[in-house]
Amino acid sequence: MTTPLLPERYYLGVPLIRPKVAFFELSSCEGCQLQILNNESSLLDFLAFLSVVNFREAMTERSDAYDIAFVEGSVTRNDEVERLYAIRKAAKTVVAFGSCACFGGVNQLKNRFTDPSYARRQVYGDHQVDSNDKALPLEAFVSVDLKIFGCPVKKEEVERIVMNLALGRSVQHPKYPVCMECKANSNNCLFDLGEPCLGPITRGGCDSWCPNNRAGCWGCRGPAEDANTRQMNEIMQKYGFPEETLLDRLECFGGFAKEAEKLRAKINRG
Ligand code: SF4
Ligand code: SF4
């Protein structure tokens, strides 16, 4: 008879079952994974909750035995589709990690070109690339258990969500918009300083990261619950910004795809 292994870690005296976690990237800048490594002050505490078995940016060891897969990036190549299927098959929980994975992110900007070869030529010139015409979110191919929004993700939010996952708690995303956090942070509204901002309609949870740094929100986290794009348009116009300015921001990350489509149709109708 073999002796059962003792749990490696305890939390408040309770033995902790550390989930095996893997990080993967598809087409992306890998900035979301970097956010995890950036958080040096709390990195060791954070990692104490997990057993990381695959994380190309951080370690050389690799294992295909994992419970939770964090997948960053959008799907733009056929080999990525196969890889994603394999990850889905291996993982109990698949997390779409960052706006590329959740919505297509900045990569999906190429989807708007009616001639995909034009976009490819602009980016790669004559270099041959194996790239599909569309950049799509994970959900276009596999089921996703959880999304973590942001471009990049906010490391404090990731830590909170991952700890909830490790402790078996449910994960709740804020339903309120970025504006709520911006007001709580006592920022001056950027509209009053002459800059547009999608804070009134964008899902909170980033602690108004961009407005805190005097940059207007571009909506990377997608819509807040009950986001009112029509009213957002009225605010933009009141402050002298044309509909095209709003459209640029709505189209940027893919989270507002439906709203952007409606506004583009309205602008085209004249
Ligand atoms: S969501 Fe943004 S930061 Fe994250 S991989 Fe995509 S482009 Fe990079
Ligand atoms: S800066 Fe943006 S997020 Fe902050 S209050 Fe103004 S509109 Fe809202």
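Above this text you will find the structure in question.
Residues numbered from 1 in each chain as written. Chains lettered and ligands numbered in written order. Predicted model: local features only at pLDDT ≥ 70, side-chain atom pairs only at ≥ 80, totals over all residues. Heavy atoms only, no water.

(A) View of helix H6 (residues 155–166). Here H6 contains 12 residues, and its C-alpha end-to-end distance of 16 Å stays within 8% of the 16 Å for a straight helix at 1.5 Å per residue. Considering only its buried residues, H6 is in contact with helix H1 (31–38), helix H2 (40–48), strand S5 (68–72), strand S6 (93–97) and strand S7 (146–148). Positive backbone phi, approximately 75 degrees, marks Gly-168, located one or two places after H6. (Helix = DSSP H or I, 4+ residues; strand = E, 2+ residues; numbered from the N terminus. Expected span 1.5 Å × (residues − 1). Contact = heavy atoms within 4.5 Å.)

(B) Geometry of the pairing of S5. In terms of residue burial, S5 counts as a mostly covered element, since 5 of its 5 residues are buried. Taking every second residue as pointing to the same face, both faces of S5 are buried, with Ile-68, Phe-70 and Glu-72 on one and Ala-69 and Val-71 on the other. Two elements, strand S3 (residues 20–25) and S5, share 5 bridges in a ladder whose sense is parallel. For Ala-22, the partnering residue across the bridge sits in S5 and is Ala-69. Here 5 bridges tie S5 to S6, and the two strands are oriented parallel to one another. For Val-71, the partnering residue across the bridge sits in S6 and is Ala-96. (Buried < 20%, exposed > 50% of the residue type's maximum accessible area, 1.4 Å probe, protein only. Pairing = 2+ DSSP bridges.)

(C) Spatial organisation of the site of ligand 2. Close contacts around ligand 2 come from Cys-179, Cys-182, Lys-183, Cys-189, Leu-190, Phe-191, Cys-197, Gly-199, Pro-200 and Pro-211, and that covers them all. The leading source of residues in the shell around ligand 2 is helix H7 (residues 178–184), at 3 residues. Residue classes in the shell around ligand 2 are distributed as 8 nonpolar, 1 polar and 1 charged. (Near = heavy atom within 4 Å. Nonpolar A, V, L, I, M, F, W, Y, C, P; charged D, E, K, R; others polar.)

(D) Molecular detail of the pattern of salt bridges. Taken as a whole, this structure holds 16 salt bridges when the rule is applied. Each of Glu-25, Glu-30 and Arg-56 takes part in a single network of salt bridges with overlapping partners. (Salt bridge = Lys/Arg side-chain N within 4 Å of Asp/Glu carboxyl O.)

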